[in-house]
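# Structural characterization, general
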Amino acid sequence: MCDYQHREQAMVTVRPGVWCDPCLVPLVRALYENGFPTVSSCCGHGKAHPAVALADGRWVVIVPTSTFQVMDLRIDSEEKR
């Protein structure tokens, strides 16, 4: 999460027409450079989970492991899908 009093002044241009919170710049750039253009993002500012909206309509949401436990989701690399 970013810790900036003046969020608009802290925004970073990751490419023409695309700005994001400084703490999400590495993620937004990595997504774009790997074929996943983004249309919006927000670090949550301590009130919500950070999220990035992809151009194809999907979302990348960053949640702590404890949230998986509350949702009863399994994190198991050997579990067959």
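Residues numbered from 1 in each chain as written. Predicted model: local features only at pLDDT ≥ 70, side-chain atom pairs only at ≥ 80, totals over all residues. Heavy atoms only, no water.

### Examining the overall build of the protein chain
Basically, it comes down to this: Numbered from the N terminus, helices here are DSSP runs of H or I no shorter than four residues, and strands are runs of E no shorter than two. Each residue is placed in one exposure class: buried if its accessible area under a 1.4 Å probe, protein chains only, is under 20% of its type's maximum, exposed if it is over 50%, and partly exposed if it falls in between. Computed with the Shrake-Rupley method and a 1.4 Å probe, the accessible areas treat only the protein chains shown as cover for residues.
When you go through the protein chain residue by residue, the secondary structure sums to three helices and five strands. When the helices and strands of the protein chain are listed from N to C terminus, the series reads α-β-β-α-β-β-β-α. Sorting the 81 residues of the protein chain into buried and exposed places 26% on the buried side. Carbon and sulfur atoms make up 53% of the accessible area of the protein chain, which amounts to about 6300 Å² in all.

### Re the confidence of the model for the protein chain
Put simply, the rule reads: Confidence of the predictor at the level of single residues is given by pLDDT, which spans 0 to 100.
Per-residue confidence for the protein chain gives a mean pLDDT of 80, with 73% of residues at or over 70. Helix α3 (residues 65–70) is the least confidently modelled element of the protein chain, averaging 70 in pLDDT, while strand β4 (residues 51–54) averages 94, the highest of any element.

### Examining the pairing of β4
Regular strands have side chains that alternate between both faces of the sheet. Selection criterion: Strand pairing is defined by DSSP finding a minimum of two bridges between the two strands.
Because side chains alternate across β4, one face comprises the buried residues A51 and A53, and the other comprises V52 and L54, equally buried. Here four bridges tie strand β3 (residues 38–42) to β4, and the two strands are oriented antiparallel to one another. Looking across to β4, one finds that S40 is bridged to A53. Sheet topology places β4 next to strand β5 (residues 59–61); three bridges connect them, and they run antiparallel.

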